[in-house]
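# Secondary and tertiary structure notes
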Amino acid sequence: MSGLRLYALVYLAFLYAPIALLPIFAFNDGTVIAFPLDGFTLRWFRELPQTPALVASVRTSLWIAGSTALLSTVLGLCAARAGTMARFGGRDAMMGLIMLPLVLPEIIVAVALLVVLLALGLPLTGWTVIAGHTLICLPFSTAILGSAFRALDPALEEAGIDLGLGRAAVFLRVTLPLLMPGIIASLLITFTISLDEFIIAFFLTGTEPTLPVYLWGQLRFPQKIPVVMALGTILLVISVVLITLAEIARRRAAARATGIDSGA
Amino acid sequence: MPDQTNTDAEAAPAGRCPIIELSGAHKHFGDYHALRGIDLSVGAGEFFSLLGPSGCGKTTLLRTIAGFEALGAGRLVIGGRDMAGVPPNRRPTNMVFQSYAIFPHLDVGQNVGFGLRRSEGSRAQKAVRIGEALEMVGLAGYERRGAQALSGGQRQRVALARALILRPDVLLLDEPLSALDKKLREQMQAELRRLQRQVGITFVLVTHDQEEALIMSDRVAVMFEGRIAQLAGPQELYRHPASRRVAEFIGMMNFLPVIATGDTLEIAGLGRVPRAGLRSAAPDGQGPPEAGIRPEMFSILYPGEQTGRRTAQGTVRETAFYGDMTYYEVILDGTERPVTISMKNMPGRMILSPGTQARIAWDAESVTLFSAAW
């Protein structure tokens, strides 16, 4: 085995070993997070639904993630369309601003949003979290949909108009179906980002904590840690599944767009 | 082939009422002046081609007619209606795109029926029309095929059927054959011509392939840098090019230096000819005076062959055998640059090898004079 390969393996082990511990302790029959293991149990998973505050936080998170996904995908669709197909002054500056949250420290964004909201006198609710999450999800949805738009032959929309349809009808019958895999990928990825996000949710949430915020609060109670592990395992599985689906959708979008020339 | 020697080339040919009338058309893209004053009139039922090198404005002109580009200045009338402010979906035109723009998420039948409105008959009636359109382009029974499974030639046929099913007054074709290989391209050229005669719809074709334009069109507009350099029928265009540039762009032409001495001209390598009776192209303000002759207007004579034509002497430098034709590069006596001479290969006519002395026949009638100023 070459040194470089060994380095890569060790690197990956360090990266993912902690995550692998999560399911191991979620099924461990003991409250102490330490080896040796005490035996297999599903107790922690059974305890999950019996914690009302936890169920409430899951519901809050799903609602916030769903709204964020929808909002940032719709906004991303508009931004990607303008960024790839329209020509106007300040376009590059606009795209730069949309992408900015990618490189800004999240804590700075969170504090800034909190200051603004307080100055405006707006109450902190689920909606303020959705606004913050939409801000950080927009670069992702814009990038995903931008590549979907770039893969689209502009002649397809022109052909739709040429054949007698109005712009709205062409968008519904031509553009949207061809972008659909990209849209699905964007929805899934932004949903996942919002579901996992902690800092902004922590700063901007009101009386209803999101799941990550709730979990963080539970870490103070050692006897709850195995339940947190169980929940973390479920979240891990959901995240992996969603991201995999998103990637499949994205690849299908690419294949569909390029399929125009691969038919022969 | 109909006679195409109308002198007023910008008017629609006699016997055809104009379907497209364009006057004083200008178009800018930022600083780039894409169309610099285009006047033309296309007759109903005509097969009209816009021919020119890339960047000459031919595609811009086509997209202007389709309505995808607005005119900066000038007037466009289609079917007697001023098209200013009329969007592409309300124009009596349909387009076959260079990429064909077949909708990849729809099958062939859905593609062809895409432009049929909900009001235009029942589902069954539409299916009949789609079937007829597909049959017309030789794709009968292809309704349920997926768009992605089609070959290049089939895509083009679907694009044609999709446009023709709407029975437009004008069909616009943007380099429709450029993506096809040579054999298929030649086959589609004949088929497009047949289809155009069959449906009687005006075709406006954009192409950079001069051969394609000559083969298919009733009339051709040759464009350079946003202007029409010549608008004529294929024969007129080939035999009487209006300028040196058109002559160079359409087919092959030999250019020989000319010395003028009063009523007589001396063409390098060919000798003296009376100036009267020689045809002159429009002065184009560039280059020295030259005489242009097409390769097939020369003949290489057999040794001892008698002829009533003018003759000249030369030496064969290169021989290229093409099967049906042989192309010779011949250095005429007293010149340095070779001329190209094409000869049809006939039974008993031997192919001359390089180095052979040759006697060449030509006529003053096949000479066109090109000059900066005469």
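Looking up chain B in an unreviewed UniProt entry gives the name ABC transporter nucleotide bindingATPase protein, with the organism given as Profundibacterium mesophilum KAUST100406-0324.

Per an unreviewed UniProt entry, chain A goes by the name ABC spermidineputrescine transporter inner membrane subunit and belongs to Profundibacterium mesophilum KAUST100406-0324. Of chain A, the UniProt comment under Sequence similarities (unreviewed entry) reads exactly: "Belongs to the binding-protein-dependent transport system permease family. CysTW subfamily." Reading the Subcellular location (unreviewed entry) entry of the UniProt record for chain A gives the comment "Cell membrane".

## Considerations on the overall build of chain A
Assigned secondary structure in chain A consists of eleven helices and zero strands. The linear arrangement of helices and strands in chain A, starting from the amino end, is α-α-α-α-α-α-α-α-α-α-α. The buried share of chain A, reckoned over its 264 residues, is 42%. Accessible surface for chain A amounts to roughly 14,100 Å². Of this, 73% is attributable to carbon and sulfur atoms. The positive charge centre, built from 16 side chains, and the negative charge centre, built from 14, are 2 Å apart in chain A.

## Quick notes on the packing of helix H4 (residues 91-99) of chain A against helix H6 (residues 126-150) of chain A
All names here are of chain A. The interhelical angle for the contact between H4 and H6, taken along N-to-C directions, is 125°, at an axis separation of 7 Å. What the angle tells us is that H4 and H6 run oblique. Contacts between H4 and H6 involve Met95, Ile98 and Met99 on the former and, on the latter, Leu138, Pro139, Thr142 and Ala143.

## Structural notes on the sheet that holds strand S4 (residues 73-78) of chain B
Residues and elements named next belong to chain B. The strand order S2-S1-S4-S5 describes an open sheet built from four strands, whose pairing is antiparallel. The sheet terminates laterally at strand S2 (32-43) and strand S5 (81-82), the two strands that pair on one side only. Where S4 lies against S5, two bridges are found, and the strand directions are antiparallel. Within S5, the residue paired with Val77 across the bridge is Asp82. The sheet contacts of helix H1 (residues 58-66) involve strand S1 (18-29), S2 and S4, and relative to S2 the element is tilted by about 60°.

## Focus on the interface of chain A and chain B
How big an interface is tends to be stated in terms of accessible area lost as the parts join. Opposite the 21 residues of chain A that make contact, chain B presents 25 residues. At the surface where chain A touches chain B, the tally comes to one salt bridge. Arg63 of chain B serves as the salt-bridge partner of Glu158 of chain A, at 2.7 Å between the closest nitrogen and oxygen. The tally of links between chain A and chain B comes to seven residue pairs in polar contact (both at pLDDT 80 or more).

## A short note on the environment of Ile38 of chain B
Topologically, Ile38 of chain B is positioned in strand S2. Ignoring sequence-local partners within four residues, the contact set of Ile38 of chain B consists of Leu22, Ser23, Gly24, Ala25, Leu61, Met223, Gly226, Arg227 and Ile228 of chain B.

## A closer look at the packing of aromatic side chains
Under the defined criterion, the tally for this structure stands at 14 aromatic pairs over all chains. Between Phe68 of chain B and Phe97 of chain B the ring centres are 6.1 Å apart and the planes differ by 50°, which places this aromatic pair in the tilted class. Pair noted here: Phe68 of chain B is in the loop between H1 and S4 and Phe97 of chain B is in the loop between strand S6 (93-96) and helix H2 (108-112), with a separation of 29 residues, a long-range link. Overall, Phe97 of chain B belongs to the buried group, its relative accessible area being 4%. On the numbers, 5.7 Å between centres and 85° between planes, the contact of Phe224 of chain B with Phe249 of chain B is edge-to-face. Of the two residues, Phe224 of chain B is situated in strand S9 (residues 219-224) and Phe249 of chain B in helix H8 (residues 244-249); the sequence distance between them amounts to 25 residues. Like Phe224 of chain B, the residue Phe249 of chain B is buried in the burial classification. Through pairs of rings, three or more aromatic residues link up here, namely Phe198, Phe202, Phe203 and Trp216 of chain A. One cation-aromatic arrangement involves Arg294 of chain B over Tyr238 of chain B; the distance from NZ or CZ to the ring centre is 4.0 Å.

## Quick word on the nonpolar core
Residues and elements named next belong to chain B. If you look at the biggest cluster of nonpolar residues, it comprises 51 residues, and the most contacted ones within it are Leu40 and Leu50. Residues contacting Leu50, with those up to four places away along its chain left out, are Leu40, Lys58, Leu61, Leu62, Val204, Leu205, Val206, Thr207, Ala221 and Met223. Core analysis: the second largest hydrophobic core is formed by 34 residues, Met136, Ala147, Leu150 and Ile165 among them.

Definitions and cut-offs
Residues numbered from 1 in each chain as written. Chains lettered and ligands numbered in written order. Predicted model: local features only at pLDDT ≥ 70, side-chain atom pairs only at ≥ 80, totals over all residues. Heavy atoms only, no water. UniProt positions renumbered as here; feature names shortened; annotations may be inferred. Helix = DSSP H or I, 4+ residues; strand = E, 2+ residues; numbered from the N terminus. Buried < 20%, exposed > 50% of the residue type's maximum accessible area, 1.4 Å probe, protein only. Areas by Shrake-Rupley, 256 points an atom, 1.4 Å probe, with all protein chains shown as cover. Lys, Arg positive; Asp, Glu negative; His and termini not counted. Charge placed at Lys NZ, Arg CZ, Asp CG, Glu CD. Axes fitted to C-alpha atoms, helices over the stretch in contact; angles between N-to-C directions. Parallel < 35°, antiparallel > 145°, perpendicular 65-115°, else oblique. Contact = heavy atoms within 4.5 Å. Pairing = 2+ DSSP bridges. Salt bridge = Lys/Arg side-chain N within 4 Å of Asp/Glu carboxyl O. Polar contact = N/O pair within 3.5 Å; in protein donor to acceptor, adjacent residues only side chain to side chain. Phe/Tyr/Trp six-rings, centres within 6.5 Å; stacked < 30°, edge-to-face > 60°. Lys NZ or Arg CZ within 6 Å of the ring centre and 35° of its normal. Core = buried A, V, L, I, M, F, W, Y, C linked by side-chain atoms within 4.5 Å.

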